[in-house]
Amino acid sequence: MQAPLKRFYKKAAVASQDGVHRVTLDDRALRSPAKTDLQFPTYALAEAVAEEWERQEERVDASSMPLMTLSSTAVDYVRPRRAAIVEELVGFAGHDLICYWSDEPVDLVKRQQETWQPLLSWTALTFDAPFKVVHGILSEDQPQGSLEALQREVLTVDDFPMMGLLTACQATGSLVIGLALLKGQLTVREAFEASLLDELYQMARWGEDAEAKRRHDALHEDLTQAARLLTLLKS
């Protein structure tokens, strides 16, 4: 792991001109790790990233700057690989987490019905993309027309919000949950609970172990930062 760098600047700020927002370190425009000119879609996001840099103390710790990481990844990874990213996102929908329901116990099935069915209904209504509910663990293909409809929707998403969407989908294993977070249909807590519905049910019965808690905390943090990014992009 690369050691934190010594802080090499005195002041982080935002410079805006003609609708373009950049973060400056001592009046020098910030670049991504791949040396890409880092232009932020909104002043609010640029300001939040500048605040991350300003909060650094004697050492610059990249792990304490999640918005900087997400923004850099949007321009260095998502932008040049959009076609592959879209394919990855639609791949989640092909075997979406919330389409696989249990047969029993009854109270778990009821919880799935109450949590997942509204999301499936929303997806069908909003994107004209109905999904099949599968009972059991064997994978089944979803309707091709639904996957194509979601692909068309994902193609309209710009690079920065696509980074937020990708983060949410990788955390949850669900394009439906990711799109619901992107569109404001779900809060972070609701997305978290929907993605871990089965596990949370089992934990309520048998308790939570330390490893599961660490994994759940990391998932919640990923969703939180993805949602922060998406909110700042709307400001």
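The shown structure was predicted, so the numbers you read here are calculated from the model rather than taken from an experiment.

**Student:** Provide a residue-level description of the environment of Arg82, including the pertinent values.
**Tutor:** Examined against the element boundaries, Arg82 turns out to sit in helix α3 (residues 82–94). Looking at Arg82, the relative accessible area reads 23%, which means it is partly exposed. Each C-alpha atom, one on Arg82 and one on Asp159, is 7.9 Å from the other, the two residues being 77 residues apart in sequence.

**Student:** I'd like a description of the packing of helix α1 (residues 43–54) against helix α2 (residues 66–78), backed by residues and values.
**Tutor:** Two packed helices can be described by the angle between their axes and the distance between those axes. One can describe the packing of α1 onto α2 by two numbers: an axis separation of 8 Å at closest approach and a directional angle of 125°. By the angle between their directions, the pair α1 and α2 is classed as oblique. The two elements α1 and α2 cross, and the hand of that crossing is left-handed. Listed contacts from α2 to Leu45, Ala48, Val49, Glu52 and Trp53 of α1 are Pro66, Leu67, Met68 and Ser71. Here the contact of α1 with α2 is composed, by residue class, of 7 nonpolar, 1 polar and 1 charged.

**Student:** Break down the packing of aromatic side chains for me, citing the residues and quoting the values.
**Tutor:** Counted under the stated rule, the structure contains 5 aromatic pairs. Between Trp122 and Phe127, the aromatic rings sit 5.2 Å apart at their centres with planes inclined by 85°, giving edge-to-face as the arrangement. For Phe127, a relative accessible area of 9% corresponds to the buried category. Each member of the aromatic cluster is reached from another via a ring pair, and the members are Phe8, Tyr9 and Trp53.

Rules behind the numbers
Residues numbered from 1 in each chain as written. Predicted model: local features only at pLDDT ≥ 70, side-chain atom pairs only at ≥ 80, totals over all residues. Heavy atoms only, no water. Helix = DSSP H or I, 4+ residues; strand = E, 2+ residues; numbered from the N terminus. Buried < 20%, exposed > 50% of the residue type's maximum accessible area, 1.4 Å probe, protein only. Axes fitted to C-alpha atoms, helices over the stretch in contact; angles between N-to-C directions. Parallel < 35°, antiparallel > 145°, perpendicular 65-115°, else oblique. Left-handed = near helix turned anticlockwise from the far one by under 90°. Contact = heavy atoms within 4.5 Å. Nonpolar A, V, L, I, M, F, W, Y, C, P; charged D, E, K, R; others polar. Phe/Tyr/Trp six-rings, centres within 6.5 Å; stacked < 30°, edge-to-face > 60°.

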